[in-house]
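These are the residues of each chain, in order.
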Amino acid sequence: ALRAGRPLLSPWRVVGAQAVAGVVVALVWWVATMRWNVAGSALYGAAATVVPGALMARGMTRGLAKANPGTAVLGFMLWEFVKIFVAVVMLVAAPKIVPDLHWPALLVTMIVCMKASWLGLLWQRRVNKTS
């Protein structure tokens, strides 16, 4: 009855909210500075949040919900480790990939994208109220 009244939030909705937030913040950086390297750094920061999150969402939605609780917890821990590892690798590679990297834009955009998961939760709540 509880699940019927409160459907689960799709991890893809959270990843989508993070991607939208990243693009918006990158546009704000570009408008504020009119420098492509700053906007590119911001987009890379968004990617360093969204790509690992998408990998985790893909891993978690591939049958772990049907697994027993122990397997599900182990799978969650594994995919969380993969997510963190990919994010760290992307950050270490950033100076080599992004020309004229602007660290403040990258890091601020990453923080906004991480906090954008709340947008997914608010979006889910609004959908539940209208139905």
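## Things to note about the overall build of the protein chain
What the protein chain contains, in helices and strands, is 6 helices and 0 strands. The order of helices and strands in the protein chain, counted from the N terminus, is α-α-α-α-α-α. Looking at the protein chain as a whole, 32% of its 131 residues are labelled buried. Within the protein chain, contacts between residues at least 6 apart in sequence are counted, and of these 76% link residues at least 24 apart.

## As for the packing of helix α3 (residues 36–60) against helix α5 (residues 103–115)
In the contact formed by α3 and α5, the axes pass within 7 Å of each other and the chain directions differ by 40 degrees. Classed by the angle they form, the pair α3 and α5 counts as oblique. Crossing geometry of α3 relative to α5 is assigned as right-handed. Where α3 abuts α5, its residues Val38, Ser41, Ala42, Tyr44, Gly45, Ala46, Ala48 and Thr49 lie against Ala105, Leu106, Thr109, Met110, Cys113 and Met114. Across the contact of α3 with α5, the residue classes break down as 10 nonpolar, 4 polar and no charged.

## Considering the nonpolar core
One broad trend across soluble globular proteins is that nonpolar side chains are buried collectively. Counting 9 residues, the largest nonpolar core consists of Tyr44, Ala48, Val86, Met90, Ala94, Val98, Leu101, Leu106 and Met110. For this core, the secondary-structure elements that each account for two or more residues are α3, α4 (69–97) and α5. Looking at which element gives the most residues to this core, the answer is α4, with 3 residues. Those residues within four positions of Met110 in sequence are excluded, and the remaining contacts are Gly45, Ala48, Thr49 and Leu91. Judged by nonpolar contacts, the second largest core, of 6 residues, contains Ala26, Val38, Ala42 and Ala105.

## Thoughts on the confidence of the model for the protein chain
This prediction gives the protein chain a mean pLDDT of 88; 84% of its residues lie at or above 70. In the model of the protein chain, helix α1 (residues 2–5) stands out as the element of lowest mean pLDDT, 60, in contrast to α5, which has the highest, 97.

## Structural notes on helix α2 (residues 11–33)
With 23 residues, α2 extends 33 Å from end C-alpha to end C-alpha; this agrees with the ideal 33 Å at 1.5 Å per step. Restricting attention to buried positions, one finds in α2 the residues Val14, Val15, Ala17, Gln18, Ala21, Gly22, Val25, Ala26 and Trp29. Met34, located one to two residues past α2, shows a positive phi value of around 55 degrees.

## Quick word on the environment of Pro95
As for its placement among the helices and strands, Pro95 is situated in helix α4. Considering only alpha carbons, one finds Pro95 and Ser41, 54 residues apart in sequence, at a separation of 9.6 Å. Residues within four places of Pro95 in sequence aside, it is in contact with Leu101 and Trp103.

How each quantity is defined
Residues numbered from 1 in each chain as written. Predicted model: local features only at pLDDT ≥ 70, side-chain atom pairs only at ≥ 80, totals over all residues. Heavy atoms only, no water. Helix = DSSP H or I, 4+ residues; strand = E, 2+ residues; numbered from the N terminus. Buried < 20%, exposed > 50% of the residue type's maximum accessible area, 1.4 Å probe, protein only. Contact = heavy atoms within 4.5 Å. Axes fitted to C-alpha atoms, helices over the stretch in contact; angles between N-to-C directions. Parallel < 35°, antiparallel > 145°, perpendicular 65-115°, else oblique. Left-handed = near helix turned anticlockwise from the far one by under 90°. Nonpolar A, V, L, I, M, F, W, Y, C, P; charged D, E, K, R; others polar. Core = buried A, V, L, I, M, F, W, Y, C linked by side-chain atoms within 4.5 Å. pLDDT = per-residue confidence, 0-100. Expected span 1.5 Å × (residues − 1).

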